[in-house]
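# Structural features, examined
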Amino acid sequence: MNVPSDLKYTASHEWIRTEADGALTIGITDHAQEALGDLVFIELPAVGRVLAAGESCAVVESVKAASDIYAPVAGSVVAQNDAVVAAPENVNADAYSNWLFKLKPVNAADTAGLLDAAGYAASVGDAG
Amino acid sequence: MLKQTPLNTAHRALGAKMVDFGGWDMPVSYGSQIDEHHAVRRDAGMFDVSHMLAVDLRGPGARDFLRYALANNVDKLTVRGKALYSCLLAHDGGVLDDLIVYFLDDDWFRIVVNAGTADKDVAWLRTLIAARAPQLALNERRDLAMIAVQGPSARERVWRVLPGCRDATAALKPFMAVECGEHFIARTGYTGEDGFEVMLPAPRAVEFWESLAAAGVRPCGLGARDTLRLEAGMNLYGQDMDEHENPLESGLAWTVDLASPRDFVGKAALLQRPPRRQFIGLLLIDKAGVLRAHQKVRTALGDGEVTSGTFSPTLSASIALARLPLGVAPGEDVRVTIRDKELVARVVKPPFARHGKSLVQ
């Protein structure tokens, strides 16, 4: 299973990368895109929207199913990736370079509560 | 414990994503289900449909029995090898299953039913046989595997693998079947494309499957099968109709022979239940989601419901089959509730796509 060690994760299959400016870049994991299958629709939160930790804020839909995306920590949306809205299949091709949105966290320290790569792999039942 | 078809190991070897489908461990896709869909519309794909059950009905009076047991009229089957699509109805007119029945000989018909309903269907047919025609024998053919090869190049690829069956099947018309050695080959399918559905002895299934793959036929899973049948405007049992639904409100009136004087199971009930809703297609205009089963449809004449919805790879748009109030006409716009939004969809007459082409503007 493809779980890069430099990212943080949630049990609900989001990945999180902390950028130099403190913003969090958020996407869905390779495991999530694999489970969903061919993605055909993505809806992202508007820039400026304020999110609570765990709030449902985006939707990814595959041919088979719709899945909610949750804010990993509290914060406000500072960017959304229009490219994946235009071409959702890019997330199937590479889930880690095709991010969904960026969040400015209320408290930078909140990311300490997220899973690391080993923790996420364990949470989806994969020892490797 | 899920049931397995003779091709289960072959699916796993190809890296298929497997799902529980009506109690069977079946491949949903082997990679991208959209690529599998396009392979069938543009070239050739194959589906393991061995989870479906063939049952042979044999004995004198088999046709008379089916004239009573099936909603469609087997008297339409005048030529050996001819197939007919029909519903199996309950006495109250609900749909127990949909099936294909083949006329093979004066005292021999073959019926192919859905996987999830197979046990219920066989029990029901045995009950009817005991009451009406106890001389008939019903034989479940779990010894057969079934592989559907579909697409514009499908027949050519089958002939490459079974050159000895080319002469027997080259002139085979749609909805006709013929036996060729150990293969039972029917020009039928569930995709809106040309092709064959082939039954053969289960121990031969893997070799046939691998030969087809070597001939360039792409393995396709249930995911592509669903988007293909929906584009083709074909019903899925359990989603578009079931025992609680009236076939006349499920787009199946063309298969229910109310015109002939013959009596059949469910006829009296249906005559008392004139349809109050219609079964029709939807094309999502607001591209802000995907149509899915059970979404509410708001029309000027009342509410309806999506029965099957998906993303159509051929149209690059979301499509659905839906049960709507009578009087809503093709070309009209309706509103579908998708999550927290009401999105505009257009009423269209299925099919949405067939033979590689979109049929919707």
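Above this note sits the structure.
Quick look at the structure, then. Residue numbers restart at each chain and count upward from 1, following the sequence in its written direction. Whichever chain is written first becomes A and whichever ligand is written first becomes 1, with later ones labelled in order. It should be noted that, the model being predicted, local features are given only for residues of pLDDT at least 70 and side-chain atom pairs only at 80 or more, the latter also being counted only at that level, while totals for whole chains, interfaces and linings use all residues.

For the rest of this paragraph, the subject is unusual backbone geometry. Residues and elements named next belong to chain B. Looking along the chain, the bond that leaves Pro350 and enters Pro351 is cis, with omega of 5°. One can find Pro351 in the loop between strand S19 (341-348) and strand S20 (353-354). In this structure, Arg339 takes a positive phi of about 55° despite not being glycine. Helical segments are the DSSP runs of H or I of at least four residues, strand segments are the runs of E of at least two, and each set is numbered from the N terminus. Locating Arg339 in the fold gives a position in the loop between strand S18 (333-338) and S19.

What follows concerns the packing of helix H2 (residues 33-42) of chain B against helix H8 (residues 222-231) of chain B. All names here are of chain B. With their axes 8 Å apart at the nearest point, H2 and H8 run at an angle of 55° to one another. Comparing their axes, H8 and H2 come out oblique. In this structure, H2 crosses over H8, and the sense of that crossing is right-handed. Contacts between H2 and H8 involve Gln33, Glu36, His37 and Val40 from the first element and Gly223, Ala224, Thr227 and Leu228 from the second. When residues are grouped by polarity, Ala, Val, Leu, Ile, Met, Phe, Trp, Tyr, Cys and Pro land in nonpolar, Asp, Glu, Lys and Arg in charged, and all others, Gly among them, in polar. Residues belonging to the contact of H2 with H8 are distributed by class as follows: three nonpolar, four polar and one charged. Here an axis means a line fitted to C-alpha atoms, over the contact stretch when the element is a helix, while the angle between two N-to-C directions is reported on a 0 to 180 degree scale. Between 65 and 115 degrees an angle is taken as roughly perpendicular, under 35 as roughly parallel, over 145 as roughly antiparallel, and anywhere else as oblique. Each helix crossing is assigned a hand: it is left-handed if the near helix lies turned anticlockwise from the far helix by less than a right angle, otherwise right-handed if that turn is clockwise. Placing C-beta atoms from the backbone, we regard two residues as in contact once those atoms come within 7 Å.

Residue and element names in this part refer to chain B. Residues with at least 20 neighbouring C-beta atoms inside 10 Å of their own are called buried, those with 12 or fewer are called exposed, and the rest are partly exposed, where every C-beta is derived from the backbone. In terms of burial, strand S14 (residues 277-284) is a largely internal element, six of the eight residues being buried. Two strands make a pair as long as DSSP finds a minimum of two bridges between them. The pairing of S14 with strand S17 (residues 317-325) spans seven bridges and is antiparallel. Within S17, the position partnered with Leu282 by the bridge is Ala320. Pairing geometry for S14 and S19, over four bridges, is antiparallel. Across the sheet, the residue bridging to Leu282 is Val347, located in S19.

Let us now look at the nonpolar core. Think of a nonpolar core as buried Ala, Val, Leu, Ile, Met, Phe, Trp, Tyr and Cys residues, each tied to the set through C-beta atoms within 7 Å. One finds A:Leu100, B:Val101, B:Phe109, B:Ile147, B:Val149, B:Leu282 and B:Leu291 to be the most contacted residues of the largest nonpolar core, which totals 134 residues. A total of eight residues in this core trace back to one element, the largest contributor, which is strand S6 (residues 95-105) of chain B. The residues touching B:Val101, leaving out its near neighbours within four places in the chain, are B:Leu66, B:Leu70, B:Val74, B:Ala83, B:Leu84, B:Ser86, B:Phe109 and B:Ile111.

Once that is clear, we can look at the pairing of strand S6 (residues 56-62) of chain A. Residues and elements named next belong to chain A. Taking burial as the measure, the seven residues of S6 include five buried ones, the bulk of the element. Taken together, the four bridges between strand S4 (residues 39-43) and S6 define a ladder with antiparallel strand orientation. By the bridge assignment for S6, Phe41 is matched with Glu61. Of the pairings in the sheet, the one linking S6 to strand S7 (residues 66-70) comprises five bridges and is antiparallel in character. In the strand pairing of S7, Ala58 is matched with Ile69. Between S6 and S7, which pair antiparallel in sequence order, lie three residues.

Next up on the list: the environment of B:Thr9. Residue and element names in this part refer to chain B. Inspection of the secondary structure assignment puts Thr9 in helix H1 (residues 8-13). Residue classification places Thr9 among the exposed positions, given that 11 C-beta atoms sit within 10 Å. Residues Thr9 and Pro203 lie 194 residues apart in sequence; the distance between their C-alpha atoms is 13 Å.

Moving on, we get to the sheet that holds strand S15 (residues 296-299) of chain B. All names here are of chain B. Spatially, six strands are ordered S14-S17-S16-S15-S18-S19 in a closed barrel, and the strand pairing comes out antiparallel. Recorded for the sheet is a direction-independent mean angle of 40° between the axes of neighbouring strands. Note that S15 and strand S16 (residues 302-312) share four bridges and pair antiparallel. The partner of Arg298 across the bridge, within S16, is Asp303. Contacts from H8 reach S16 and S17 within the one sheet, and its direction differs from that of S16 by about 125°.

Just geometry here; none of it tells us what the structure is for.
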